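Residue strings, one per chain:
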Amino acid sequence: MTYRPELLKESERYRGRRRAPVPSRRRYAAVLATAAVGAGAVVLSSGAAIDDAKTDPFTGEVAAYAQSQGDGARADAAERANRSEERTMAATADTAVAWVLPLHDYELRTRHGDPRQGIDLTGLPEGTPFAAVHAGTVTQSGWNGAFGISVIIDHGDGVQTVYAHASSVLVPVGQKVAAGDMIALVGNTGLSRSPHLHLEVHVGGVPQNALTWFQKQGLDFDLEIESPYGA
């Protein structure tokens, strides 16, 4: 007959041994809930103790400085633009009344010793650009008989200047020019023996003593000095 040990009752299984107490499921759930609430409180308290990065005082100061610098740069740029505009307006006003030499580094000669026949500016390479001596409107541009290729500018009040013997012109008839605007290139066309600029001034259709007349406007061709607002 096979031996089968008798099963012990539940209460007798741990007789003589110490059994660790096991908490009930309800108590275990309560402990977990308490731990979760405590962890949340720690997170919230930590967040309250650390300033948000977006409101960091140093970052705010840097942003404010950058903003102020940007505003200052924009103000400076606006001021420079205003000064530039003022200079441009002043320059525009100046060129309306100024008298300037047509070019520089020349040798002065008068035709046949008679200044009323105009003046010759020699010693210049062919192709040297020259400018209008005063603001006006181009009334002739191109071939002009003994003058060769020439430009004539009407300055108003019956005053005209003639620029002769050019190699080519840079302005058409009808164009308005300011003092100092390039109008043609030095040449050797027409009745000319070498590259030079022949310059005359006429008032009411009558040739003037160019040297003395231009001196009254502040242009001294002898000394190569210009005083834009007159002598």
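Throughout, residues of each chain are indexed from 1 in the direction in which the sequence is written. Totals for whole chains, interfaces and linings use all residues, but because this is a predicted model, local features are given only for residues with pLDDT of at least 70 and pairs of side-chain atoms are given and counted only at 80 or more. The basis for the side-chain values is all heavy atoms of the structure; hydrogens and waters are excluded.

Trainee: Looking at this structure, how should I read the overall build of the protein?
Mentor: Secondary structure elements are defined from DSSP: runs of H or I of at least 4 residues count as helices, runs of E of at least 2 residues count as strands, and each element is numbered from the N terminus. On a plain count of helices and strands, the protein comes out with 3 helices and 12 strands. Per-residue burial over the protein gives 29% buried out of 231 residues. Whether two residues touch is decided by their heavy atoms; if any such pair falls within 4.5 Å, the residues are in contact. By sequence separation, contacts in the protein at least 24 residues apart represent 58% of the contacts at least 6 residues apart. Summing over all exposed atoms, the protein offers an accessible surface of approximately 15400 Å²; the carbon and sulfur share of this is 57%. Only protein chains enter the calculation, and the probe is 1.4 Å; a residue is then buried if its accessible area is under 20% of its type maximum, exposed if over 50%, and partly exposed in between. Per-residue and other accessible areas follow the Shrake-Rupley method at a 1.4 Å probe size, with only the shown protein chains counted as cover for residues.

Trainee: Explain the environment of glycine 142 to me, please; I cannot follow it from the model alone.
Mentor: Within the element layout of this structure, glycine 142 appears in strand β4 (residues 136-143). The exposure class of glycine 142 is buried, given its relative accessible area of 14%. Separated by 27 residues in sequence, glycine 142 and valine 169 have C-alpha atoms that sit 6.7 Å apart. Discounting residues that sit within four places of it in the chain, glycine 142 has contacts with Gly148, Ile149, Ser150 and Val169.

Trainee: Can you walk me through the packing of aromatic side chains in this structure?
Mentor: Two measures describe an aromatic ring pair: the distance that separates the ring centres and the angle between the ring planes. To pair, rings of Phe, Tyr and Trp, with the six-membered ring standing in for Trp, must have centres within 6.5 Å; the planes then decide the type, stacked if under 30 degrees apart, edge-to-face if over 60, and tilted in the middle. In total, this model carries 6 aromatic pairs according to the counting rule given. With centroids separated by 5.5 Å and ring planes inclined at 70 degrees, the aromatic side chains of tryptophan 99 and tryptophan 213 adopt a geometry described as edge-to-face. Of this pair, tryptophan 99 sits in the loop between α2 (57-97) and β1 (107-110) while tryptophan 213 sits in helix α3 (residues 210-216), placing them 114 residues apart in sequence. Tryptophan 213 carries the same exposure label as tryptophan 99, and that label is buried.

Trainee: I tried to follow the side chain of threonine 161 on my own but got confused; where do I start?
Mentor: Relative to the assigned elements, threonine 161 resides in strand β6 (residues 159-169). We call two N or O atoms a polar contact when they sit within 3.5 Å, provided that within protein one can donate a hydrogen and the other can accept it, with sequence-adjacent residues counted only if both atoms are side-chain atoms. A distance of 2.7 Å separates polar atoms of two side chains, one belonging to threonine 161 and the other to histidine 155. Of the polar contacts made by the side chain of threonine 161, one reaches the side chain of tyrosine 163; its length is 2.9 Å. Not counting chain neighbours up to four residues away, the residues in contact with threonine 161 comprise Val133, Val151, Ile152, Ile153, His155, Leu199, Glu200, Val201 and Phe214.

Trainee: It is not clear to me how unusual backbone geometry should be interpreted in this structure. Could you clarify?
Mentor: Phi is positive for aspartate 105, close to 60 degrees, though the residue is something other than glycine. Relative to the assigned elements, aspartate 105 resides in the loop between α2 and β1. For aspartate 105, a relative accessible area of 66% translates into the label exposed. Unlike most non-glycine residues, glutamate 224 shows phi in positive territory, near 55 degrees. Summarising the element assignment, glutamate 224 is placed in the loop between β11 (219-220) and β12 (225-226).

Trainee: Before we go on, may I ask you to explain the pairing of β6 in this structure?
Mentor: Strand residues, when the strand is regular, have side chains that alternate between the two faces of the sheet. Relative to β6, strand β5 (residues 149-156) runs antiparallel, the two being bridged by 6 bridges. Paired with aspartate 154 across the bridge in β6 is glutamine 160. Pairing between two strands is assigned when DSSP locates at least 2 bridges connecting them. Linkage of β5 to β6, two consecutive antiparallel strands, is achieved through a turn of 2 residues, within which aspartate 157 is found at a positive phi near 55 degrees. Relative to strand β9 (residues 197-203), β6 runs antiparallel, the two sharing 6 bridges. Counted as the bridge partner of valine 159 is valine 203 from β9. As paired elements, β6 and strand β8 (residues 182-186) share 3 bridges and run antiparallel to each other. In the sheet register, valine 169 faces β8, and the bridge partner there is alanine 184.

Trainee: Would you take a moment to explain the pairing of β8 for this structure?
Mentor: With 3 bridges joining them, strand β3 (residues 129-131) and β8 adopt antiparallel strand pairing. Bridged to proline 129 within β8 is leucine 185.

Trainee: Got a minute to help me understand the nonpolar core in this structure?
Mentor: For soluble globular proteins, the rule of thumb is that nonpolar side chains tend to be buried together. In terms of nonpolar packing, the biggest core is built from 31 residues, with Phe130, Tyr163, Ile183, Phe214 and Phe221 touching the most fellow members. Take this core: its biggest share by element is 4 residues, from α3. Apart from the residues within four sequence positions on either side, phenylalanine 221 is in contact with Leu101, Pro102, Tyr106, Leu108, Ile119, Leu121, Leu199, Leu211 and Phe214. Joining through side-chain atoms within 4.5 Å is the link that ties buried Ala, Val, Leu, Ile, Met, Phe, Trp, Tyr and Cys residues into a set, and such a set is a nonpolar core.

Trainee: Would you take a moment to explain the side chain of aspartate 220 for this structure?
Mentor: You can see aspartate 220 is positioned in strand β11. Despite its burial, aspartate 220 pairs with no opposite charge, the nearest such side chain being lysine 216 at 14 Å. Here aspartate 222 takes part through its backbone nitrogen, which lies 3.0 Å from a polar atom of the side chain of aspartate 220. Look past the residues within four positions of aspartate 220 in its chain and what remains in contact with it is Tyr106, Gln215 and Ile225. As used throughout, the charge tally considers Lys and Arg to be positive and Asp and Glu to be negative, leaving His and the chain termini uncounted. Whenever a carboxyl oxygen of Asp or Glu lies within 4 Å of a side-chain nitrogen of Lys or Arg, that contact is scored as a salt bridge.

Bear in mind that shape data such as this cannot, by itself, settle questions of function.
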